[in-house]
Structures are given as C-alpha cells and as structure tokens.
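Geometric and topological summary
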Amino acid sequence: MRLSLAAPFLVAASLLTACGSPLTAPADLTAASAMLDNARGDAVFIIDGNGCSDDMIGIGSAQFQRSLTTPASGGFIAWIDVDIRGEAFNTRGERYRFASSERQSFRVTSGDAYTLTSRLRLIGQGAAPNIDAKLSYKVAFNPNGELTVYRDSYRISCE
C-alpha cells in the first residue's frame, strides 16, 4: 500500500515518499503491537492559491510520523502525521510564512475507514493577504463493502 498526500492545496507534494518505503504491515507483527517511525526532511512543492493568491512555490522542512497497530481483533490501523513549515513566494513576488498540518488514518478491520484532516495557514508578509484553508474528509464501509459514511468539507478564507 502506498500512501500520499491528497490535500488540494498541496498539489505537487507527494511528500510521504521522502519517508522511505511504503507503509506495509510486516509479516511478524503480533496482535495489539505498534510500530512507529519519524522522519524529517526538506520539501519543495507548489501551493494552490485557491483564488486568494497566485500559485506559490513553497520551501520548508517537513516532519513525518507514521504508526501501525494491529488490534487483537485483526486487521490494522495506520496513522500518518505530516507537519510542514517554511516560506512561499507567488508569481507577483509576494512572500508568505506558512504552517501546514495533516493527519491521515486508515482502519482496515471488520469495516474499513479512511479519514483525512488538514490545515494550511499562510501568513502574508507585507500587503499579501493571509490565507487559511481547512480540509476534512472521511469515508467508511461496513463489512459487506457498502458505503456507510461519506463526509467532506473544504473551506478557505482570505484575510
């Protein structure tokens, strides 16, 4: 299973590949055990201005945390947390400081679920507007594979 960021405002960020190998459950992982890893790296990516600004090039540092747990009931639960901080520049030369946090969780048990929550805050330097974007997405399926939950929410504000 390969996991990558899907937030619409981090268009060119397939940042999880910087963590190394894809997230998979090792064959010898016992019930109710957990596996954690952390990675830090530099990132360059494109940020969609979403009507508040021109598209931007972002340069920053990223902190990745991944964990995998196998409950005694079977299946697995995985979490991925990504925090990115840095500077961005748009085509008009406007500068921004930014902070982004994202959490993805996957539950593969008797019913499967995927949840994504993300927030991107860009602070304009000088006359550039501040931008605040929030994304929430969740889908869940029952053991028969039927969709039981579908929610998505995306909002952005320009100050």
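Description of the confidence of the model for the chain
For the chain, the average pLDDT comes to 78, and 78% of its residues sit at 70 or higher. Note that pLDDT drops below 50 for residues 1–32; the model gives that stretch 75 contacts with residues more than four away or on any other chain.

Let's talk about the packing of aromatic side chains
Tallied over the entire structure, the rule returns 4 aromatic pairs. When the centroid spacing of 5.7 Å and the interplanar angle of 80 degrees are considered together, the rings of Phe-45 and Phe-98 count as edge-to-face. With Phe-45 in strand E1 (residues 34–47) and Phe-98 in strand E4 (residues 95–108), the pair connects residues that are 53 residues apart, well separated along the chain. The class for Phe-98 is buried, based on a relative accessible area of 5%. By the ring-pair criterion, three or more aromatic residues cluster together here, those being Phe-106, Tyr-114, Tyr-137 and Tyr-150.

A few points about the nonpolar core
Grouped together as the largest cluster of nonpolar side chains are 26 residues, with contacts concentrated most on Ile-47, Met-56, Ala-88, Tyr-96, Phe-98 and Leu-122. For this core, the elements supplying multiple residues, two or more each, are E1, strand E2 (56–69), strand E3 (76–90), E4, strand E5 (112–125) and strand E6 (131–141). No other element matches the 6 residues that E3 contributes to this core. Those residues within four positions of Leu-122 in sequence are excluded, and the remaining contacts are Ile-47, Met-56, Ala-88, Tyr-96, Arg-97, Phe-98, Asn-130 and Ile-131.

Side note on a nonpolar patch on the surface
Together, Val-44, Ile-46, Ile-57, Ile-59 and Phe-89 line one region of the surface with nonpolar side chains, adding up to about 430 Å² of accessible area. Every element with two or more residues in the nonpolar patch is listed here: E1 and E2. With respect to the helices, strands and loops of the structure, Ile-57 is situated in strand E2. We classify Ile-57 as partly exposed; its relative accessible area is 44%.

Thoughts on the pattern of salt bridges
Under the counting rule described, the total for this entry stands at 8 salt bridges. Taking the shortest distance from any N to any O, the salt bridge between Asp-37 and Arg-66 comes out at 3.0 Å. Here the residue Asp-37 occupies a position in strand E1, and Arg-66 occupies one in strand E2, the gap between them amounting to 29 residues. Its relative accessible area of 29% is what places Asp-37 among the partly exposed residues. On the basis of relative accessible area, Arg-66 is assigned to the buried category, the value being 11%.

Parameters and conventions
- Every residue gets a number counted from 1 within its own chain, in the order that chain's sequence is written.
- Predicted model: local features are reported for residues with pLDDT of at least 70 only, side-chain atom pairs are reported and counted for 80 or more only, and whole-chain, interface and lining totals are derived from all residues.
- Heavy atoms throughout the structure, all of them, feed into the side-chain values; hydrogens and water do not.
- The quantity known as pLDDT measures the predictor's confidence residue by residue, on a range of 0 to 100.
- A contact between two residues is defined here by any heavy atoms of the two lying within 4.5 Å.
- Within 6.5 Å between ring centres, the rings of Phe, Tyr and Trp (the latter by its six-membered ring) count as paired, and their orientation is classed by plane angle as stacked under 30 degrees, edge-to-face over 60, tilted in between.
- Each helix is a run of H or I in the DSSP string that is no shorter than four residues. Each strand is a run of E no shorter than two, and both are numbered from the N terminus.
- Each residue's exposure class comes from its accessible area (1.4 Å probe, protein chains only) as a fraction of the maximum for that residue type: buried when under 20%, exposed when over 50%, partly exposed otherwise.
- What we call a nonpolar core is a set of buried Ala, Val, Leu, Ile, Met, Phe, Trp, Tyr and Cys residues that are connected through their side-chain atoms within 4.5 Å.
- The residues that make up patches have over 30% relative accessible area and no salt bridge, and they are joined within 9 Å when like-charged or within 5 Å when they are Val, Leu, Ile, Met, Phe, Trp or Tyr.
- Accessible areas in this description were obtained via Shrake-Rupley with a 1.4 Å probe; residue shielding takes into account the shown protein chains only.
- When a carboxyl oxygen of Asp or Glu lies within 4 Å of a side-chain nitrogen of Lys or Arg, that pair is called a salt bridge.

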